[in-house]
Amino acid sequence: MLMTMIIMLVMLFSGLFVMEMAIFGEMAVNNEQRGLQAYQVAYSELDGQYQYLINNPGVLMNAKAANVNLAIIQNPAGCSNLAQFCQTATLRYMGEIPPPPGYSLSKYIGLMFEIDSVATLGQAGARSSQTMGFTYVTTLSN
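Residues numbered from 1 in each chain as written. Predicted model: local features only at pLDDT ≥ 70, side-chain atom pairs only at ≥ 80, totals over all residues. Heavy atoms only, no water.

Visitor: I'm lost on the overall build of the protein in this one. Help?
Guide: For the protein, the helix and strand inventory stands at two helices and four strands. Compactness check: the protein gives a C-alpha radius of gyration of 26 Å against a globular reference of 14 Å for 142 residues, more than 25% above the reference. Counting only C-alpha atoms, the protein reaches 95 × 35 × 20 Å along its principal axes. Across the 142 residues that make up the protein, the buried fraction comes to 27%. As presented, the protein carries roughly 9,400 Å² of accessible surface, and 62% of it is formed by carbon and sulfur atoms. Taking the average place of the 5 positive charges on the side chains of the protein and the average place of its 8 negative ones, the gap between the two points comes to 13 Å. (Helix = DSSP H or I, 4+ residues; strand = E, 2+ residues; numbered from the N terminus. Rg over C-alpha atoms; globule rule 2.2 N^0.38 Å. Buried < 20%, exposed > 50% of the residue type's maximum accessible area, 1.4 Å probe, protein only. Areas by Shrake-Rupley, 256 points an atom, 1.4 Å probe, with all protein chains shown as cover. Lys, Arg positive; Asp, Glu negative; His and termini not counted. Charge placed at Lys NZ, Arg CZ, Asp CG, Glu CD.)

Following this line, the structure appears as structure tokens:
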């Protein structure tokens, strides 16, 4: 009888240990999934902002004077709800460079810009910051 009780206690504790490890594993996978979602949201915003800026070069010229906080395209109302991603996007002017091959050095100049997109999931704390640089070619008269 005593041996049966000891075996039952060992099985009980091993079952509790296995259950704790399963819960820990599930939490680790959940955290990783949230991190990947934050990455995807931040990266998608970069793509949307790039397309917007190429179609609106006036915003690029404004950024030459100071950093520009961009309006969020992919998830504009996210910060009001803790269950959604809160995003920020910033455009920075990095300087002038020669234009890419195929452009005349006497007529064109390359302007280097950087877009920084940050996505944070309020309730989970998952965060991703993605940055993309690009060169905008314009005439020297601008």
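Visitor: Teacher, can you tell me more about helix α1 (residues 2-55) here?
Guide: Structurally, the α-helix is built with 3.6 residues per turn, so residues lying three or four positions apart point the same way. The end-to-end C-alpha distance of α1 is 80 Å, a good match for the 80 Å that 54 residues give at a rise of 1.5 Å each. Considered for burial, the residues of α1 that qualify are Ala-38, Ala-42, Glu-45, Leu-46, Gly-48, Gln-49 and Leu-53. The elements touched by buried residues of α1 are α2 (57-63), β2 (85-97), β3 (108-121) and β4 (127-139). (Expected span 1.5 Å × (residues − 1). Contact = heavy atoms within 4.5 Å.)

Visitor: It is not clear to me how the environment of Pro-57 should be interpreted in this structure. Could you clarify?
Guide: Within the element layout of this structure, Pro-57 appears in helix α2. Counting along the chain gives 81 residues from Pro-57 to Thr-138, while the straight-line C-alpha distance between them is 9.5 Å.

Visitor: Sorry if this is basic, but what is going on with the pattern of salt bridges here?
Guide: Side-chain pairing between opposite charges can occur once the charged atoms of the two side chains come close. Inspection of every chain in the model, using the stated rule, returns two salt bridges. Note that Arg-92 is salt-bridged to Glu-114, the shortest N-O span being 2.9 Å. Residue Arg-92 is found in strand β2, and its partner Glu-114 is found in strand β3; the two are separated by 22 residues along the sequence. Since its relative accessible area comes to 23%, Arg-92 is described here as partly exposed. Close ionic contact of Asp-116 with Arg-92 constitutes a salt bridge, the shortest N to O distance being 4.0 Å. (Salt bridge = Lys/Arg side-chain N within 4 Å of Asp/Glu carboxyl O.)

Everything listed here is a matter of geometry and, on its own, says nothing about what the molecule does.
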